[in-house]
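Residues per chain are reported as follows:
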Amino acid sequence: IVGVARGQGRLLARRLSRDQRVIGVDSEDWERRPAGAPFYKLDVRTRAFEDVMRKEQPDAVVHLGFVRHFRGSETARFDVNVRGTRKLLDHCRTYGVKKLVVMSTSYVYGALPENPSFMAEDQPLLAGRNYPEIRDLVEVDALTTSFMWQYPDIRTSILRPVPTLGYYSDNSIVNYLRQKRVVVMMGFNPMLQFMHEEDQVEATALALERGLRGVYNVTGPGEVPLRVAIHETGGRALPLPEPVARPLIRRLFSLGLVRIPPGAIDYIKYPCTIAGERFVRETGFRPLFGLKESFRSLKR
């Protein structure tokens, strides 16, 4: 598991270590790691990571090691996510990995006014059009999809889950919903989808165990209007007209006072909802946590 020290990585390691030998890789310390689980503290872009792949010869790799926050520079984030993924894919091919799961996101489709209600996996990835801050995740998704077709002997699956909520989750929507006064666009109240972090872990484990090959949307128990999500997580909606909100968020983001980039505003204006039937059909996946339980995990 690459990215094992972050919340999702730790949860997945705990889930898989019941009946698998789990090897962890991360640039941060892996707290509370299972007894006997090998761990390598390093960067996937370094020669040391290739040495680990050569030594351990893993049968399967799960790639969770992405920078998803916006606290550092955009250049550094792009290098970690894109160049790091390219290195990892090369090593998977060289050292005989049989299964590969790469965690993308439903955000790669983009939030656009012309989006259909529920987008299937063949929908074009247009997030970079209005949300340049996540063009690295779009490129990672496209890079891995190309790898999947080039090397059919490796069972590669790209998962595009809806936003994840939970104690360990650290992503844009969590940071947004955890604010006391939550900015919303006046006149807009899009439908949003969520899933609990434990359900995402189970979906990842199923993709690995079934040896899926392809691109899969992964959805939770349903969708709710944005303002309902804000209320259920204990916040208060603060409606602002877009001509006021956009420059305000841009200024606050540049000063480091908010963690949501201005490009994310479209995701609280327009829908970015996806269809997950294909993943359910091939794995039998059913979320264990309802929306209320997921919201409760963030409630103040």
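Each remark here, short or long, concerns the structure printed above.
Reference entry: report on the structure contained in this document. (Residues numbered from 1 in each chain as written. Predicted model: local features only at pLDDT ≥ 70, side-chain atom pairs only at ≥ 80, totals over all residues. Heavy atoms only, no water.)

Once that is clear, we can look at the environment of G220. Positionally, G220 belongs in the loop between strand 9 (214–218) and strand 10 (222–225). A residue is classified by how much of its surface remains accessible, and G220, at 17% relative accessible area, is buried. Taking the C-alpha atoms as reference points, G220 and G72, separated by 148 residues in sequence, lie 30 Å from one another. (Helix = DSSP H or I, 4+ residues; strand = E, 2+ residues; numbered from the N terminus. Buried < 20%, exposed > 50% of the residue type's maximum accessible area, 1.4 Å probe, protein only.)

Now for empty space enclosed by the protein. A complete count under the given rule lists 1 cavity of 30 Å³ or more for this structure. In this model, the largest cavity occupies a volume close to 40 Å³. Along the walls of the largest cavity sit R68, H69, F70, R71, N171, S172, N175 and R259, which together make up its complete lining. Here the residues of the lining of the largest cavity sort into 1 nonpolar, 4 polar and 3 charged. (1 Å grid on protein atoms, 1.4 Å probe; cavity = no way out; pocket = protein on both sides within 12 Å on 5 of 7 lines; lining within 4 Å. Points joined across faces, edges and corners; volume = space filled by probe spheres on them. Nonpolar A, V, L, I, M, F, W, Y, C, P; charged D, E, K, R; others polar.)

Counting buried positions over the 5 residues of strand 9 gives 5, a clear majority of the element. Neither face of strand 9 is open: one carries G214, Y216 and V218, the other V215 and N217, and all of them are buried.

Here the largest pocket defines a volume of roughly 890 Å³. Along the walls of the largest pocket sit 41 residues, with R6, L64, F66, R68 and D170 positioned nearest its centre. Only helix 1 (7–16), helix 3 (74–94) and helix 6 (172–177) provide two or more residues apiece to the lining of the largest pocket. In terms of residue count, helix 1 provides more of the lining of the largest pocket than any other element does, 3 residues in total. Residue classes in the lining of the largest pocket are distributed as 18 nonpolar, 14 polar and 9 charged. Taken as a whole, the second largest pocket spans an internal volume of roughly 470 Å³. What lines the second largest pocket is a set of 21 residues, and nearest its centre among them are R21, P58, D59, A60 and V61. Every element with two or more residues in the lining of the second largest pocket is listed here: helix 2 (47–56), strand 3 (60–63) and helix 7 (197–210). Here the residues of the lining of the second largest pocket sort into 14 nonpolar, 2 polar and 5 charged.

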